[in-house]
Amino acid sequence: MSIPSSSWPAESGARAKRLADALSPTSLSLLQVVADEAARRGLPLYLVGGFVRDLLLGRPATDFDLVVEGDATALARALVARHGGDTILHNRFGTAQWLLPDTISPTGHSSLDLISARSETYKHPSALPTVRPGSLADDLRRRDFTVNTLALRLDGEYFGELRDDLGGLDDLQRGLVRVLHQRSFEDDPTRLFRLVRYEKRYDFEVAPETLALIPESLPWIKKLSAERLRHELDLILEEDNAAAMLKRLAELKILAEAHPALAVNLSIRRRVEKAMQVLPGERRAFGWMLWLMHLSRPALKEIESRLHFHANLRDALFAASRLYSSRDSFIGKKPGQYVAVLDDFPLDSVRAVYLAMLRGEARRTLHNYLETWRHVKPKTTGHTLKKLGLEPGPRYQRILHLLRDAWLDGEVTSEEEEKRLLEKLV
Ligand code: CTP
């Protein structure tokens, strides 16, 4: 369990130093600019949520959420008047985006979100909430877990002051994820997924009262839209500990509630762990493929009708499932035969199925395909065929394929041999 190295210092110099150490110089000076303007206008300004949580846990924190107690759009306009740039205002939510001028951020952030503190009420469970301007206390009370309700004040003499209305620091130090009230999951069932993400990311425990709320909260998951549900699973698949998170979601019956075909067992978890071997930006897509490739097309279609995957991912997923189920059909075939088949699959689906396989001839086949065979091309090109006086047409493709297969199958090993074969073919 990761416990913060110390609590937040009370003395202002020490607080400022802790913040300065955690932020890049560009982020720090940007926050300073906003804090100075907020102080001038008498607007309390806070860093809130995940940034503060991770700062106190001594983990690198990059994204920050800034909440203004008052009108964030007025603060954004004042910043533009003094420093330049532009604003995009979302008046309904009192949110403003400051598009930064080059003088403030020559290389760093391109924009900064400023959010007005708000209170939220839910008209009916799982719907988007009704939002009204509120105090910081209101804003903290609408949040998911106590560990996400910590705030650091930034304006003027308050710089670095910790605000802990709801026992967040205590829970952080004890390593507990706890909802703020009994109807939290009903208000927002995505919190069931977020809970598991934090529990396994930080190796925390779920507070017993919170755990006890889960069984009765499960039916609310059905109310989530495809986009919101898929987004939560996307976020989980991007985490280092995704496999453990899926296991926990299954244990708590959250996964089956999301869709009965979304199961995990030991071998699926081992497969999902392989997603750590791809680039961070590819993890989500590979996570999905590695998780679901063993499913049949009808089962995938059912999941697709609940989650509405984007077209690229859907195609890659169906292809991975087709390839995974036919993976043994490559055994005993000549390279020329399977290269033509594999070329019809999206490359990432082939990579995912290769990652999923532990050993054996089929795995070696995919390895050879990915590393070597898919790059093999004959020296002859369409241009060469034209020079030989051949009428352009489907024959070109056939000849080029035959030449490539001859290289792949070792029937041709030099340019000379390729030429001779070409003469025969023509
Ligand atoms: N939040 C919430 N309920 C949600 C989503 C978000 O209360 N369903 C609040 C939490 O206070 C959270 C903040 O909004 O800290 C920002 O949300 P988000 O960016 O999703 O989370 P982070 O705290 O930044 O955490 P993560 O590291 O998971 O991105």
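Quick look at the structure, then. (Residues numbered from 1 in each chain as written. Predicted model: local features only at pLDDT ≥ 70, side-chain atom pairs only at ≥ 80, totals over all residues. Heavy atoms only, no water.)

**A look at the pairing of strand 4 (residues 95–99)**
Just so we agree on the cut-off: By the convention used here, strands pair only if DSSP detects at least 2 bridges between them. Starting at the N terminus, helices and strands are each numbered in turn, a helix being any DSSP run of H or I of at least four residues and a strand any DSSP run of E of at least two.
Note: strand 3 (residues 86–90) against strand 4, 5 bridges, orientation antiparallel. From the neighbouring strand, histidine 90 faces strand 4, where its bridge partner is threonine 95. Counting the residues in the hairpin turn of strand 3 and strand 4 gives 4 residues, including glycine 94, whose phi is positive at 65 degrees. Bridge count for strand 4 against strand 5 (residues 111–116) is 5 bridges, and the pairing is antiparallel. The residue of strand 5 that forms the bridge with alanine 96 is leucine 114.

**A closer look at helix 11 (residues 242–251)**
Rules: A simple rule labels every residue: compare its accessible area, found with a 1.4 Å probe on the protein chains alone, to the largest value its type can have, and call it buried under 20%, exposed over 50%, or partly exposed in between.
Every buried residue of helix 11 is accounted for by Ala242, Ala243, Met245, Leu246, Arg248 and Leu249. Just downstream of helix 11, lysine 253 is the residue with a positive phi angle, here 65 degrees.

**A look at the packing of aromatic side chains**
For clarity, the cut-off: Ring pairs shown here join Phe, Tyr and Trp side chains whose ring centres sit within 6.5 Å, with only the six-membered ring taken for Trp; geometry is labelled stacked below 30 degrees between planes, edge-to-face above 60, and tilted in between. Whether a charge sits over a ring depends on NZ of Lys or CZ of Arg being within 6 Å of the ring centre and within 35 degrees of the ring normal.
Within the structure shown, the criterion is met by 7 aromatic pairs. A centroid spacing of 5.8 Å and a plane angle of 90 degrees characterise the contact between phenylalanine 51 and phenylalanine 64, whose relative ring orientation is edge-to-face. Note that phenylalanine 51 is positioned in helix 3 (residues 50–56) and phenylalanine 64 in the loop between helix 3 and strand 2 (65–68), a separation of 13 residues in sequence. This pair shows no difference in class: phenylalanine 51 is buried, exactly as phenylalanine 64 is. Measuring from ring centre to ring centre gives 6.2 Å for tyrosine 198 and tyrosine 202, while their planes differ by 10 degrees; the resulting arrangement is stacked. One end of the pair is tyrosine 198 and the other is tyrosine 202, both in helix 8 (residues 190–202) and 4 residues apart, which spans about a single turn. For tyrosine 198, a relative accessible area of 5% gives the class buried. We classify tyrosine 202 as buried; its relative accessible area is 2%. Through a chain of ring-to-ring contacts, the aromatic side chains of Phe145, Tyr198, Tyr202 and Phe204 assemble into a single cluster. Just above the ring of tyrosine 198 sits the side chain of arginine 197; from NZ or CZ to the centre is 5.5 Å.

Interpretation in functional terms is not warranted from these geometric data alone.
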